[in-house]
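Each chain, written out:
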Amino acid sequence: MKFYRAEQYQASCEVLFFRYQLEVQQLLPAARIEHVGASSIPTAVSKGDVDIFVGVDAGEVENAIKLLITLGFQEKIDTLRSPELCMLESTSNDDVALQIVANGSEFEDFLAFRDKLRASASLVQQYNELKISCTGWPQEEYRKKKSIFVVQVLALS
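Residues numbered from 1 in each chain as written. Predicted model: local features only at pLDDT ≥ 70, side-chain atom pairs only at ≥ 80, totals over all residues. Heavy atoms only, no water.

Colleague: Explain the packing of aromatic side chains to me, please; I cannot follow it from the model alone.
Modeller: One pair of aromatic rings is described through two measures. These are the centre distance and the angle between the planes. Counted under the stated rule, the structure contains six aromatic pairs. Their ring planes at 75° and their centres at 5.6 Å tell us that Tyr20 and Phe73 sit as a pair that is edge-to-face. Here Phe73 lies in strand β3 (residues 73-75) and Tyr20 lies in helix α1 (residues 6-27), a separation of 53 residues in the sequence. On the basis of relative accessible area, Tyr20 is assigned to the buried category, the value being 3%. Consider the rings of Phe113 and Tyr127, whose centres lie 5.4 Å apart with planes at 75°: the pair is edge-to-face. Here Phe113 is found in helix α3 (residues 109-118), whereas its partner Tyr127 is found in helix α4 (residues 121-133), with 14 residues between them in sequence. Residue classification places Tyr127 among the buried positions, given a relative accessible area of 2%. Put simply, the rings of Phe113, Tyr127 and Phe149 touch in pairs and so form one group of aromatic residues. (Phe/Tyr/Trp six-rings, centres within 6.5 Å; stacked < 30°, edge-to-face > 60°. Helix = DSSP H or I, 4+ residues; strand = E, 2+ residues; numbered from the N terminus. Buried < 20%, exposed > 50% of the residue type's maximum accessible area, 1.4 Å probe, protein only.)

Colleague: How should the side chain of Ser105 be read in this particular structure?
Modeller: Counting through the fold element by element, Ser105 comes out in the loop between β5 (96-102) and α3. Accessibility expressed as a relative area gives 8% for Ser105, which makes it buried. Of the polar contacts made by the side chain of Ser105, one reaches the backbone oxygen of Ala102; its length is 2.8 Å. (Polar contact = N/O pair within 3.5 Å; in protein donor to acceptor, adjacent residues only side chain to side chain.)

Colleague: Hey, could you run me through unusual backbone geometry in this one?
Modeller: Generally, phi is negative for residues other than glycine and the peptide bonds are trans, each holding for most cases. Its identity is not glycine, yet Thr43 carries a phi of approximately 70°, on the positive side. Turning to its location among the elements, Thr43 is positioned in the loop between β1 (32-36) and β2 (50-56).

Colleague: Could you clarify how one ought to interpret the state of the cysteines in this entry?
Modeller: A covalent bond between the sulfur atoms of two cysteines is what we call a disulfide. All told, the structure shown has zero disulfides when counted by the stated rule. With no disulfide of its own, Cys134 lies 19 Å from the sulfur of Cys13, the closest cysteine sulfur. (Disulfide = S-S within 2.5 Å.)

Colleague: Can you walk me through helix α2 (residues 61-69) in this structure?
Modeller: Because each turn of an α-helix spans 3.6 residues, side chains separated by three or four positions end up pointing in the same direction. Where α2 is concerned, the buried positions are Val61, Ala64, Ile65 and Leu68. Buried residues along α2 cover an arc of 100° about the axis, so they all sit on one side. Against α1, β2, β3, β4 (85-90) and β5 lie the buried residues of α2. (Arc of directions from axis to C-beta. Contact = heavy atoms within 4.5 Å.)

Colleague: Looking at this structure, how should I read the pairing of β5?
Modeller: Two faces belong to every sheet, and in a regular strand the side chains alternate between them. With seven of seven residues buried, β5 is to be regarded as a mostly interior element. Both faces of β5 are covered, namely the face carrying Val96, Leu98, Ile100 and Ala102 and the face carrying Ala97, Gln99 and Val101. As paired strands, β2 and β5 are joined by seven bridges and run parallel to one another. Across the sheet, Val54 pairs through a bridge with Ile100, a residue of β5. Here β4 pairs with β5 via five bridges, running antiparallel. Across the sheet, Cys86 pairs through a bridge with Ile100, a residue of β5. (Pairing = 2+ DSSP bridges.)

Colleague: Looking at this structure, I do not really get the packing of α4 against helix α5 (residues 139-155). What am I missing?
Modeller: Each pair of packed helices can be summarised by the angle the axes make with each other and by the distance between the axes. Contact pair α4 / α5: the axes reach a minimum separation of 10 Å and the direction vectors enclose 165°. The angle between α4 and α5 places the two elements in the roughly antiparallel class. For the element pair α4 and α5, the recorded crossing hand is right-handed. Residue-level contacts link Leu123, Gln126, Tyr127, Leu130, Lys131 and Ser133 of α4 to Tyr142, Lys145, Lys146, Phe149 and Val153 of α5. By residue class, the composition of the contact of α4 with α5 is six nonpolar, two polar and three charged. (Axes fitted to C-alpha atoms, helices over the stretch in contact; angles between N-to-C directions. Parallel < 35°, antiparallel > 145°, perpendicular 65-115°, else oblique. Left-handed = near helix turned anticlockwise from the far one by under 90°. Nonpolar A, V, L, I, M, F, W, Y, C, P; charged D, E, K, R; others polar.)

Set out below in structure tokens:
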């Protein structure tokens, strides 16, 4: 894994987010579209990718997936998939992922995690240290370590 400091990637990620936000909003006008992931957290270290939360009514998840695939996305295979969550990854050169989430589901944790880090410089520092410690690691090992941190942050009141 390779990581970048915020000043190295966040401006370009913000541009990508706003571009995709407009495209998603045109296809799914009722969707809740929010920037999540490290690129949405000021001063966070990141791989330089953009994660976009797309919240839709539970009965609209499958239809949303079909529509969003037309924007140049495919279902991400090596990740959790449920009736309330589907991860899509870009098939273009843009390092963008869409998290299609049923509104009101447990998977709104993407938003809760982002908000807790935005509210705590200390948590961002811990997150950055965790990521930097994983430089050069295989993605699977990095994901395991990051997952433990995410669970701990979400458990904070």
